[in-house]
Amino acid sequence: MKPKWQVWANEAKAEFPKANSALLPLLHRIQTEEGYLSENTINDVAELLQLPVPYVESVVSFYSLYFQKPVGKRVIHVCVGLSCALNGSDQLMHHLEGKLGIQEGQTTQDGEVTLLEAECLAACDLAPVAQVNLRFVAPVESADALLAKEVNS
Ligand code: FES
């Protein structure tokens, strides 16, 4: 555990006295620096906030913007919720896999792009929807258009 994580945990607890409320900002701060949240990090965070490890794991796995392994500079989430599935998200994912040369869940060899599924991204009326880091793209016209605008520009 990095010594400054204790400081960060104390700062989070000062702002959010309930441990489960301090959890999200602490995880976010650590991930911003580390790039992802490893199993060891999850154990450390649980210890720092005196929360059960399974609870911290469940929070990390619930939110799609917490990563449990290293990711690329750009993370493309393709929504696979019902509205997006009905509007071509399967084909979009397939085309992105082909263009990037990776499967869903993988990162390109150059470390530029990670391709992931996401459950409903809350813009169903604009399906199919993707998210590139924190930017929504909706509707996605095509894999080529998405990559040209959000990755290769
Ligand atoms: S199902 Fe894709 S945004 Fe809701």
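The structure under discussion appears in the preceding block.
Residues numbered from 1 in each chain as written. Predicted model: local features only at pLDDT ≥ 70, side-chain atom pairs only at ≥ 80, totals over all residues.

Participant: Looking at this model, I keep getting lost on the nonpolar core. Mind explaining?
Facilitator: Nonpolar side chains in soluble globular proteins generally cluster together in the buried interior. The biggest cluster of nonpolar side chains holds 19 residues, and the ones touching the most others in it are Val78, Cys79, Leu96, Val129 and Ala130. Residue assignment for this core shows that the elements contributing at least two residues are strand S1 (74-79), helix H6 (89-100), strand S2 (113-118) and helix H7 (143-150). At four residues, H6 tops the list of elements feeding residues into this core. With residues up to four places along the chain from it excluded, the contact list for Ala130 reads Ile76, His77, Val78, Cys79, Val137, Val140 and Leu146. (Core = buried A, V, L, I, M, F, W, Y, C linked by C-beta atoms within 7 Å. Buried ≥ 20, exposed ≤ 12 C-beta atoms within 10 Å, placed from the backbone. Helix = DSSP H or I, 4+ residues; strand = E, 2+ residues; numbered from the N terminus. Contact = placed C-beta atoms within 7 Å.)

Participant: Before we go on, may I ask you to explain the packing of helix H3 (residues 39-49) against helix H4 (residues 53-62) in this structure?
Facilitator: Geometry of a packed helix pair, given as the angle between the helix axes and the separation of the axes. In the contact formed by H3 and H4, the axes pass within 9 Å of each other and the chain directions differ by 120°. Relative to H4, H3 is oriented oblique. In the crossing of H3 with H4, the sense of the turn from one axis to the other is right-handed. On H4, the residues that touch Ile42, Asn43, Val45 and Ala46 of H3 are Val53, Val56, Glu57 and Val60. When the residues that make up the contact of H3 with H4 are grouped by side-chain class, the tally is six nonpolar, one polar and one charged. (Axes fitted to C-alpha atoms, helices over the stretch in contact; angles between N-to-C directions. Parallel < 35°, antiparallel > 145°, perpendicular 65-115°, else oblique. Left-handed = near helix turned anticlockwise from the far one by under 90°. Nonpolar A, V, L, I, M, F, W, Y, C, P; charged D, E, K, R; others polar.)

Participant: What is the right way to look at the sheet that holds strand S3 (residues 130-132) in this model?
Facilitator: Note on sheets: strands pair through backbone hydrogen bonds, and any given pair is parallel or antiparallel. In spatial order, the strands read S2-S1-S3-S4; together these four strands make up an open sheet with mixed pairing. Looking at the sheet topology across the chains shown, the edges are occupied by S2 and strand S4 (135-137). Sheet twist, expressed as the mean angle between neighbouring strand axes with direction ignored, is 25°. Relative to S4, S3 runs antiparallel, the two sharing three bridges. Looking across to S4, one finds that Val132 is bridged to Arg135. Contacts between H6 and the sheet are confined to S1 and S2, with S1 contributing the most and set at about 155° to the helix. (Pairing = 2+ DSSP bridges.)

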